Structure formats: structure tokens, C-alpha cells
Amino acid sequence: MARVGLTVERLVAAAADMADEVGFDNVSISALARRFGVRDASLYSHVRSLQDLRTRLALHAGGELIDRIAAAVAGRAGKEALRAFAGAYRDYALEHPGRYAATQIRLDQALIADSPALRRTAEITYGMLRAYGLTEPDLTDAVRLLRSTFHGYCVLEGAGGFGADRDVRASWEKAVDALHLALTHWPREAHDDD
């Protein structure tokens, strides 16, 4: 084992590359072991199972994605922040389709609470939306709108699902503009004391 220098970090990084090359669903312990020229059993001293590897990959990719988003939105607010957030999200999803797919798996709530990257994701996303004057429960609703719009668009675009002559980036920009209008004119949740 020492000859190949296996570590959890190297395994996760290799799994991330593999996910982008062959798809997240095709990442396996056997394929990863072949990549390192070792037997499957050699990997089990670093990861407990395929699920453990995929969870680690999801956390790794989520960290990469939020780092990119954080850099894009730094110093921006409102529509400018939303555009930067959306652009960073889309670019990551299209450049790293397997890693992006990993970010969509359902994770154990305890792992989410313990993950600095996932806490940072919530802080940055909710912080951006607070600039629109949103509070709970509207914040959660707005996050769900953004996530479902961004995810759906990226998955369709990545699969070649947009066949019209219209430039895909132009449609993306219109969608982000529409989201800005929706956030600006958000139908606020009525509170009992209103």
C-alpha cells in the first residue's frame, strides 16, 4: 500500500475525476482500485464502503462548488450577487458533471450539521437572499426556487435538452433576470400578527 501512497484525500480526488469522466453512478470501489493498480480490499482501510466513498465525494464536490460561488459573490449584493452565484453554479455543473451529480445525493442530517462546506453553503445562499429582504419561511422557499431552477436548467443543458436555435446562455441570463424579479417582488408569507 505504501508504494501507491493511498490516502482518503487521494481516493476522493480520484473518485471525483472518475465521476466527471464516466458519471457519478459509475464510480465504484473496483474501478477506483484498478485506477491505483491495487486490489479492492486495499481501499477498505481508507473508506468503509461505496456509500462512504460517495458521501465523501459529495462533501468534497459541495466544498468545491461553494468555494467557487463564494469567490464569485464576494462584495456583491442583489441582482449582481444573484448573477454571480448563478454563473458560478452553472459553470461548475457543466464543467464537472459527475462531481455536480454527487452534490445532489441525499446526505444524513448529522453529516450536514458537521460539514463546514455545507454550513458555508447555507450561510452564503441565505446571506445573498437576505439582501432581498426575505426572512423565514420565505428564505427557505426562495432557496428551493433557486435550487430547483438552477439544477433543472443545468441538467437539461448538460444533457443537450435545449434544441431551439436560441442561445442557451441568453436563455440562462433571462431566467436569472426573472428570478431577480421574483425575489424582488416576493409574495411574503402572512404572519399571525399581521
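Residues numbered from 1 in each chain as written. Predicted model: local features only at pLDDT ≥ 70, side-chain atom pairs only at ≥ 80, totals over all residues. Heavy atoms only, no water.

Asks: Give a detailed account of the environment of threonine 140, specifying residues and quantitative values.
Replies: Mapped onto the secondary structure, threonine 140 falls in helix H9 (residues 138-158). For threonine 140, a relative accessible area of 22% corresponds to the partly exposed category. A sequence separation of 11 residues divides threonine 140 from leucine 129, and the C-alpha atoms of the two residues are 9.7 Å apart. (Helix = DSSP H or I, 4+ residues; strand = E, 2+ residues; numbered from the N terminus. Buried < 20%, exposed > 50% of the residue type's maximum accessible area, 1.4 Å probe, protein only.)

Asks: I'd like a description of the nonpolar core, backed by residues and values.
Replies: Counting residues in each nonpolar core, the largest one holds 35 residues, and the members touching the most others are Ile69, Leu82, Leu129, Phe150 and Leu183. Contributing elements (two or more residues each) for this core: helix H4 (50-73), helix H5 (78-95), helix H8 (116-130), H9 and helix H10 (168-184). When residues in this core are grouped by element, the largest group, 9 residues, is from H5. Once residues within four sequence positions are removed from consideration, leucine 183 is found in contact with Leu82, Leu129, Tyr132, Leu134, Ala142, Leu146 and Arg188. Counting residues in hydrophobic clusters, the runner-up holds 22 residues, among them Ala16, Phe24, Val27 and Leu53. (Core = buried A, V, L, I, M, F, W, Y, C linked by side-chain atoms within 4.5 Å. Contact = heavy atoms within 4.5 Å.)

Asks: Explain the pattern of salt bridges residue by residue, including any values.
Replies: Two side chains carrying opposite charge are able to pair once their charged atoms lie near each other. Throughout the structure, instances matching the rule amount to 13 salt bridges. Arginine 56 is the salt-bridge partner of aspartate 52, the closest N and O atoms lying 3.2 Å from each other. Of this pair, aspartate 52 and arginine 56 both sit in helix H4, separated by 4 residues, roughly a single helical turn. A network of salt bridges, in which partner residues are shared, links Asp17, Asp20, Glu64 and Arg99. (Salt bridge = Lys/Arg side-chain N within 4 Å of Asp/Glu carboxyl O.)

Asks: Please provide a residue-by-residue account of the packing of aromatic side chains, values included.
Replies: What the rule picks out here adds up to 6 aromatic pairs. Ring geometry for tyrosine 89 versus tyrosine 100: centroids 5.6 Å apart, planes at 75°, classification edge-to-face. Of the two residues, tyrosine 89 sits in helix H5 while tyrosine 100 sits in helix H6 (residues 97-102), which places them 11 residues apart along the sequence. On the accessibility criterion, tyrosine 89 (7% relative accessible area) is buried. By relative accessible area, tyrosine 100 is classed as buried at 5%. (Phe/Tyr/Trp six-rings, centres within 6.5 Å; stacked < 30°, edge-to-face > 60°.)

Asks: Can you break down the packing of H4 against H8 residue by residue, with the values?
Replies: At their nearest, the axes of H4 and H8 sit 9 Å apart, and the two run at 35° to each other. Relative to H8, the crossing made by H4 is left-handed. Together, Leu59, Gly63, Ile66, Asp67, Ile69, Ala70 and Val73 of H4 and Ala117, Leu118, Arg120, Thr121 and Ile124 of H8 make up the contact between the two elements. Of the residues belonging to the contact of H4 with H8, the class tally is 8 nonpolar, 2 polar and 2 charged. (Axes fitted to C-alpha atoms, helices over the stretch in contact; angles between N-to-C directions. Left-handed = near helix turned anticlockwise from the far one by under 90°. Nonpolar A, V, L, I, M, F, W, Y, C, P; charged D, E, K, R; others polar.)

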